[in-house]
Amino acid sequence: EAGVTQSPRYAVLQEGQAVSFWCDPISGHDTLYWYQQPRDQGPQLLVYFRDEAVIDNSQLPSDRFSAVRPKGTNSTLKIQSAKQGDTATYLCASSHRDWGWHEQYFGPGTRLTVL
Amino acid sequence: GDSVTQTEGQVALSEEDFLTIHCNYSASGYPALFWYVQYPGEGPQFLFRASRDKEKGSSRGFEATYDKGTTSFHLRKASVQESDSAVYYCALGGHAQGLTFGLGTRVSVFP
């Protein structure tokens with residue numbers, strides 16, 4: 001079974017530039033999560049979806065960040081105007097609400113550096 | 001809000017030493033508790049979880065017991081190997097919800 005895939009693996013931007021991250025969850029997983037992991041910290045939830053619906057985006061900086069999952073499968077996270085403080089690894093995870101306690105399976109992440 | 005505290009930021013051990021990482025949590029309700037492990041350049045990997053008081057979770061020689069009384073879920077392993085070098089995260093979560101992670105503990109095991 002293929003795991004969670006993410007692209008790109010790395011991105012380097014100047015402040016003010018835009019960037020998009022793409023995630024393909026494990027097949028059959030209905031719940032998809034985006035986390036931000038600053039260097040030497042634990043992952044912090046940004047937003048999560050059940051199928052195509054946003055369940056919780058309260059931690060997503062809505063003025064510059066947006067996330068979609070239009071068909072309930074792949075998802076895109078976009079930063080409209082990046083800031084140096086956005087430098088972090090962006091992790092995507094997926095799970096299924098009916099399987100066990102829906103352990104979350106993480107992709108390798110996209111490491112973003114904003115100069 | 002919910003929070004997880006890991007006491008040790010870094011731990012250095014020799015092979016065959018006993019490992020303990022302390023995890024305490026604060027949460028409303030009755031969350032599930034998790035341990036994840038992260039290797040360089042990878043996302044966190046699920047290690048195991050427990051979802052009720054006194055339940056023991058275990059995997060790969062690691063174990064932890066959910067203790068609602070002391071709000072703890074300490075990770076232990078009797079004999080570590082060099083391959084156990086990684087960052088370990090304690091986390092809590094509700095039913096099909098996002099996880100709240102601790103800051104992590106970097107474990108370095110030397111031969």
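Anything mentioned here points back to the structure above.
To keep things clear, this report deals only with the structure shown in the data block. (Residues numbered from 1 in each chain as written. Chains lettered and ligands numbered in written order. Predicted model: local features only at pLDDT ≥ 70, side-chain atom pairs only at ≥ 80, totals over all residues. Heavy atoms only, no water.)

## Thoughts on the overall build of chain B
Helix and strand counts for chain B stand at zero helices and twelve strands. In chain B, the order of α-helices and β-strands from amino to carboxyl end is β-β-β-β-β-β-β-β-β-β-β-β. Relative to the compact-globule value of 13 Å for 111 residues, chain B shows a C-alpha radius of gyration of 13 Å, a close match. In terms of its C-alpha atoms, chain B occupies a principal-axis envelope of roughly 45 × 30 × 20 Å. Counting over 111 residues, chain B shows a buried share of 48%. Accessible surface computed for chain B: about 5,100 Å², of which carbon and sulfur atoms make up 46%. Within chain B, one finds 9 positive and 12 negative side-chain charges whose respective centroids are separated by 8 Å. (Helix = DSSP H or I, 4+ residues; strand = E, 2+ residues; numbered from the N terminus. Rg over C-alpha atoms; globule rule 2.2 N^0.38 Å. Buried < 20%, exposed > 50% of the residue type's maximum accessible area, 1.4 Å probe, protein only. Areas by Shrake-Rupley, 256 points an atom, 1.4 Å probe, with all protein chains shown as cover. Lys, Arg positive; Asp, Glu negative; His and termini not counted. Charge placed at Lys NZ, Arg CZ, Asp CG, Glu CD.)

## Section: the state of the cysteines
Residues and elements named next belong to chain A. Scanning the model with the defined rule gives two disulfides over all chains in all. One disulfide in the model links C23 with C92; its S-S distance is 1.9 Å. Here the S-S torsion is close to -70°, and the disulfide linking C23 with C92 is therefore left-handed. In this pair, C23 sits in strand β3 (residues 19-24) while C92 sits in strand β9 (residues 88-95), placing the two residues 69 residues apart along the sequence. As far as the burial class goes, C23 and C92 line up, both buried. (Disulfide = S-S within 2.5 Å.)

## Side note on the pairing of strand β7 (residues 56-59) of chain B
Both faces of the sheet carry side chains from a regular strand, because those side chains alternate between them. All names here are of chain B. The sheet contact formed by β7 and strand β8 (residues 62-65) spans four bridges and is antiparallel. The residue of β8 that forms the bridge with S59 is F62. In textbook terms, the turn of a hairpin is the stretch between consecutive antiparallel strands, and for β7 and β8 this stretch comprises two residues, one of which, R60, has a positive phi near 55°. (Pairing = 2+ DSSP bridges.)

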